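Structural features, examined
So the chains spell out like this:
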Amino acid sequence: MGAKGRGSNMRSLIVACRRGVVPNAEIAVVVAPSEAAPALEVARAMGVATQVAPNEAGPLLRSFADCEAICLAGFLRLLPAEVLAAFPDRVLNIHPALLPKFGGKGMYGMHVHAAVVAAGERESGCTVHLVNEQYDEGRILLQMRCRVYPSDSAEDVAARVLKLEHIAYPAALAGVLDGG
Ligand code: GRF
(Lines give C-alpha, C1' and ligand atoms only; values in the text may rest on other atoms or scores of the structure.)
Protein backbone atom coordinates (compact mmCIF):
# COMPACT_ATOMS: atom_id res chain seq x y z
CA MET A 1 0.00 0.00 0.00
CA GLY A 2 1.48 3.36 -0.94
CA ALA A 3 -0.29 6.28 0.65
CA LYS A 4 0.04 10.03 0.92
CA GLY A 5 -3.55 11.27 1.17
CA ARG A 6 -5.83 11.43 4.18
CA GLY A 7 -6.00 7.63 4.21
CA SER A 8 -9.68 6.87 3.65
CA ASN A 9 -9.08 4.45 0.75
CA MET A 10 -6.26 2.83 2.69
CA ARG A 11 -8.63 2.36 5.61
CA SER A 12 -11.31 0.85 3.38
CA LEU A 13 -8.78 -1.62 1.95
CA ILE A 14 -7.57 -2.67 5.40
CA VAL A 15 -11.16 -3.19 6.56
CA ALA A 16 -12.12 -5.03 3.38
CA CYS A 17 -9.21 -7.45 3.79
CA ARG A 18 -10.06 -8.05 7.44
CA ARG A 19 -13.73 -8.71 6.62
CA GLY A 20 -12.91 -11.09 3.76
CA VAL A 21 -14.27 -8.73 1.09
CA VAL A 22 -10.79 -9.12 -0.38
CA PRO A 23 -10.34 -12.86 0.33
CA ASN A 24 -7.09 -14.26 1.69
CA ALA A 25 -5.35 -10.89 1.71
CA GLU A 26 -4.00 -8.44 4.23
CA ILE A 27 -2.45 -5.02 3.98
CA ALA A 28 1.06 -5.94 5.08
CA VAL A 29 2.57 -2.47 5.15
CA VAL A 30 1.62 1.13 4.47
CA VAL A 31 4.44 3.10 2.88
CA ALA A 32 4.44 6.89 2.66
CA PRO A 33 7.06 9.32 1.37
CA SER A 34 7.00 11.45 4.49
CA GLU A 35 6.26 11.04 8.18
CA ALA A 36 3.75 13.88 7.73
CA ALA A 37 1.38 11.70 5.67
CA PRO A 38 -1.88 11.45 7.68
CA ALA A 39 -2.41 7.90 6.41
CA LEU A 40 0.47 6.68 8.60
CA GLU A 41 -1.33 7.58 11.79
CA VAL A 42 -4.53 5.92 10.57
CA ALA A 43 -2.62 2.75 9.69
CA ARG A 44 -0.83 2.62 13.04
CA ALA A 45 -4.11 3.08 14.91
CA MET A 46 -5.41 0.07 12.98
CA GLY A 47 -2.37 -2.03 13.88
CA VAL A 48 -0.84 -2.06 10.40
CA ALA A 49 2.93 -1.77 9.91
CA THR A 50 4.15 1.50 8.41
CA GLN A 51 7.31 2.66 6.72
CA VAL A 52 8.55 5.97 5.40
CA ALA A 53 10.53 5.63 2.18
CA PRO A 54 11.63 8.05 -0.54
CA ASN A 55 10.26 7.55 -4.05
CA GLU A 56 13.33 5.56 -5.14
CA ALA A 57 13.53 2.00 -6.40
CA GLY A 58 15.83 0.53 -3.74
CA PRO A 59 13.97 1.67 -0.62
CA LEU A 60 10.55 0.99 -2.13
CA LEU A 61 11.47 -2.52 -3.27
CA ARG A 62 12.74 -3.26 0.22
CA SER A 63 9.53 -1.89 1.77
CA PHE A 64 7.35 -3.97 -0.54
CA ALA A 65 9.51 -7.12 -0.37
CA ASP A 66 6.77 -9.27 1.18
CA CYS A 67 3.94 -7.91 -0.97
CA GLU A 68 2.11 -9.42 -3.93
CA ALA A 69 0.53 -6.18 -5.06
CA ILE A 70 0.79 -2.44 -4.43
CA CYS A 71 -2.22 -0.15 -4.07
CA LEU A 72 -1.57 3.56 -4.47
CA ALA A 73 -3.97 5.91 -2.74
CA GLY A 74 -3.45 9.63 -2.98
CA PHE A 75 0.12 9.11 -4.23
CA LEU A 76 0.74 11.95 -6.66
CA ARG A 77 4.04 10.96 -8.25
CA LEU A 78 5.13 8.35 -10.78
CA LEU A 79 6.72 5.24 -9.30
CA PRO A 80 10.26 4.31 -10.43
CA ALA A 81 10.23 1.98 -13.46
CA GLU A 82 12.07 -0.71 -11.46
CA VAL A 83 9.19 -0.92 -9.02
CA LEU A 84 6.64 -1.27 -11.82
CA ALA A 85 8.80 -3.94 -13.45
CA ALA A 86 8.99 -5.91 -10.20
CA PHE A 87 5.17 -5.96 -9.88
CA PRO A 88 3.84 -6.49 -13.41
CA ASP A 89 0.06 -5.83 -13.55
CA ARG A 90 0.14 -5.65 -9.75
CA VAL A 91 0.34 -1.92 -9.08
CA LEU A 92 -3.08 -0.33 -8.77
CA ASN A 93 -4.27 3.24 -8.41
CA ILE A 94 -7.64 4.86 -7.85
CA HIS A 95 -8.64 8.07 -9.59
CA PRO A 96 -11.69 10.12 -8.60
CA ALA A 97 -13.17 10.48 -12.10
CA LEU A 98 -14.15 8.39 -15.10
CA LEU A 99 -10.85 8.03 -16.94
CA PRO A 100 -9.75 8.75 -19.61
CA LYS A 101 -11.61 11.97 -18.89
CA PHE A 102 -10.24 14.28 -16.19
CA GLY A 103 -6.94 12.49 -15.73
CA GLY A 104 -3.27 13.31 -16.18
CA LYS A 105 -0.65 15.36 -14.40
CA GLY A 106 -2.16 18.00 -12.12
CA MET A 107 -5.56 16.32 -12.12
CA TYR A 108 -5.93 15.30 -8.52
CA GLY A 109 -8.15 15.97 -5.54
CA MET A 110 -10.56 18.87 -5.82
CA HIS A 111 -9.05 19.94 -9.18
CA VAL A 112 -10.71 16.89 -10.70
CA HIS A 113 -14.16 17.54 -9.25
CA ALA A 114 -14.01 21.27 -10.06
CA ALA A 115 -13.19 20.39 -13.68
CA VAL A 116 -16.09 17.92 -13.83
CA VAL A 117 -18.52 20.57 -12.55
CA ALA A 118 -17.07 23.28 -14.83
CA ALA A 119 -17.49 21.00 -17.84
CA GLY A 120 -21.18 20.51 -17.06
CA GLU A 121 -20.79 16.74 -16.81
CA ARG A 122 -23.94 14.81 -15.93
CA GLU A 123 -22.04 11.93 -14.36
CA SER A 124 -18.76 11.23 -12.63
CA GLY A 125 -17.34 8.36 -10.65
CA CYS A 126 -14.10 6.60 -9.92
CA THR A 127 -11.66 4.47 -11.83
CA VAL A 128 -9.34 1.77 -10.52
CA HIS A 129 -6.55 1.17 -13.00
CA LEU A 130 -3.19 -0.48 -13.35
CA VAL A 131 -0.25 1.88 -13.01
CA ASN A 132 2.27 2.41 -15.78
CA GLU A 133 4.85 5.07 -16.48
CA GLN A 134 2.28 7.72 -17.49
CA TYR A 135 -0.15 9.47 -15.17
CA ASP A 136 -3.59 7.78 -15.14
CA GLU A 137 -3.06 5.83 -18.36
CA GLY A 138 -2.76 2.20 -17.27
CA ARG A 139 -5.39 -0.39 -18.12
CA ILE A 140 -8.76 0.31 -16.51
CA LEU A 141 -9.87 -2.45 -14.13
CA LEU A 142 -13.13 -1.12 -12.76
CA GLN A 143 -15.26 2.01 -12.84
CA MET A 144 -18.25 3.06 -10.75
CA ARG A 145 -20.52 5.92 -11.76
CA CYS A 146 -22.72 8.46 -10.03
CA ARG A 147 -24.91 11.36 -11.14
CA VAL A 148 -23.72 14.94 -11.14
CA TYR A 149 -26.59 17.39 -10.60
CA PRO A 150 -26.61 20.96 -11.95
CA SER A 151 -26.70 22.32 -8.40
CA ASP A 152 -23.66 20.28 -7.29
CA SER A 153 -20.51 21.92 -6.01
CA ALA A 154 -17.16 20.23 -6.49
CA GLU A 155 -17.36 19.22 -2.83
CA ASP A 156 -20.74 17.54 -3.40
CA VAL A 157 -19.30 15.50 -6.26
CA ALA A 158 -16.18 14.65 -4.26
CA ALA A 159 -18.26 13.27 -1.38
CA ARG A 160 -20.42 11.16 -3.73
CA VAL A 161 -17.41 9.81 -5.60
CA LEU A 162 -15.45 9.01 -2.42
CA LYS A 163 -18.23 6.65 -1.28
CA LEU A 164 -17.86 4.79 -4.57
CA GLU A 165 -14.09 4.68 -4.21
CA HIS A 166 -14.38 2.80 -0.93
CA ILE A 167 -16.40 0.06 -2.68
CA ALA A 168 -14.55 0.00 -6.00
CA TYR A 169 -10.98 -0.27 -4.72
CA PRO A 170 -11.45 -3.42 -2.61
CA ALA A 171 -13.47 -5.02 -5.41
CA ALA A 172 -10.77 -4.32 -7.96
CA LEU A 173 -8.01 -5.56 -5.66
CA ALA A 174 -9.93 -8.77 -5.04
CA GLY A 175 -10.18 -9.27 -8.81
CA VAL A 176 -6.48 -8.71 -9.37
CA LEU A 177 -5.43 -11.09 -6.58
CA ASP A 178 -7.86 -13.66 -7.94
CA GLY A 179 -6.15 -13.42 -11.32
CA GLY A 180 -9.03 -11.48 -12.87
C1 GRF B 1 -8.79 9.76 -3.59
O2 GRF B 1 -9.78 10.63 -4.02
C3 GRF B 1 -8.22 9.02 -4.75
O4 GRF B 1 -9.12 8.84 -5.79
C5 GRF B 1 -7.08 9.90 -5.20
O6 GRF B 1 -6.58 10.48 -4.03
C7 GRF B 1 -7.58 10.50 -3.05
C8 GRF B 1 -7.02 9.86 -1.82
O9 GRF B 1 -7.92 9.98 -0.76
N10 GRF B 1 -6.10 9.17 -5.95
P11 GRF B 1 -7.73 9.12 0.54
O12 GRF B 1 -6.37 9.44 1.07
O13 GRF B 1 -7.86 7.70 0.18
O14 GRF B 1 -8.82 9.55 1.47
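Residues numbered from 1 in each chain as written. Predicted model: local features only at pLDDT ≥ 70, side-chain atom pairs only at ≥ 80, totals over all residues. Heavy atoms only, no water.

1. With respect to the packing of aromatic side chains
Under the counting rule described, the total for this entry stands at one aromatic pair. On the basis of an interplanar angle of 80° and a centroid distance of 6.5 Å, the ring pair of F64 and F87 is categorised as edge-to-face. Taken together, the residues F64 in the loop between helix 3 (57–63) and strand 4 (70–73) and F87 in the loop between helix 4 (81–86) and strand 5 (91–95) connect sequence positions 23 residues apart. You'll find F64 and F87 in the same group, each marked buried. (Phe/Tyr/Trp six-rings, centres within 6.5 Å; stacked < 30°, edge-to-face > 60°. Helix = DSSP H or I, 4+ residues; strand = E, 2+ residues; numbered from the N terminus. Buried < 20%, exposed > 50% of the residue type's maximum accessible area, 1.4 Å probe, protein only.)

2. Things to note about helix 6 (residues 154–177)
For helix 6, with 24 residues, the first-to-last C-alpha span of 33 Å sits near the 34 Å given by 1.5 Å per residue. At E165, helix 6 shows its strongest bend, of approximately 25°. Backbone geometry just downstream of helix 6 places G179 in the positive-phi region, at approximately 85°. (Expected span 1.5 Å × (residues − 1). Bend = angle between axes of the 7 residues up to and from the residue.)

3. Structural notes on helix 1 (residues 8–18)
In an α-helix, one turn spans 3.6 residues; hence positions three or four apart end up facing the same way. In terms of residue burial, helix 1 counts as a mostly covered element, since nine of its 11 residues are buried. Looking only at helix 1, the buried set comprises S8, N9, M10, S12, L13, I14, V15, A16 and C17. Where helix 1 is buried, its residues touch strand 2 (29–32), helix 2 (38–45), strand 4, strand 5 and helix 6. Looking one or two places after helix 1, you find G20, whose phi comes out positive at around 85°. (Contact = heavy atoms within 4.5 Å.)

4. Concerning the nonpolar core
By size, the foremost hydrophobic cluster in this structure holds 41 residues, and its most contacted members are M1, I27, V30 and Y169. Counting only elements with at least two residues in this core, the list comes to helix 1, strand 2, helix 2, strand 4, strand 5, helix 5 (110–118), strand 6 (123–130) and helix 6. The leading source of residues in this core is helix 6, at nine residues. (Core = buried A, V, L, I, M, F, W, Y, C linked by side-chain atoms within 4.5 Å.)

5. Observations concerning the state of the cysteines
Taken as a whole, this structure holds zero disulfides when the rule is applied. Left unpaired, C71 is separated from the closest cysteine sulfur, that of C17, by 7.8 Å. Looking at C126, it has no disulfide partner, and the nearest cysteine sulfur is the one in C146, 8.1 Å off. (Disulfide = S-S within 2.5 Å.)

6. What to know about the pattern of salt bridges
Applying the stated criterion across every chain, the model contains five salt bridges. Across the pair R44 and E35 runs a salt bridge, and its minimum N-O distance is 2.9 Å. By relative accessible area, which is 41% here, R44 ends up partly exposed. (Salt bridge = Lys/Arg side-chain N within 4 Å of Asp/Glu carboxyl O.)

7. Describing the site of the ligand
Lining the immediate environment of the ligand, one finds G5, R6, G7, S8, N9, G74, I94, H95, P96 and E165. Between an oxygen atom of the ligand and a main-chain N or O atom of P96, the distance comes to 3.5 Å. The protein chains hide 89% of the 360 Å² of surface that the ligand would expose on its own. Each residue belonging to the shell around the ligand can be placed in one class, and the counts come to two nonpolar, six polar and two charged. (Near = heavy atom within 4 Å. Polar contact = N/O pair within 3.5 Å; in protein donor to acceptor, adjacent residues only side chain to side chain. Areas by Shrake-Rupley, 256 points an atom, 1.4 Å probe, with all protein chains shown as cover. Nonpolar A, V, L, I, M, F, W, Y, C, P; charged D, E, K, R; others polar.)

8. Quick notes on the environment of S34
Topologically, S34 is positioned in the loop between strand 2 and helix 2. The class for S34 is partly exposed, based on a relative accessible area of 30%. On a C-alpha basis, the gap between S34 and Q51 in space is 9.1 Å, while along the polypeptide they are 17 residues apart. Filtering out sequence-adjacent residues up to four positions away, S34 remains in contact with L40 and V52.

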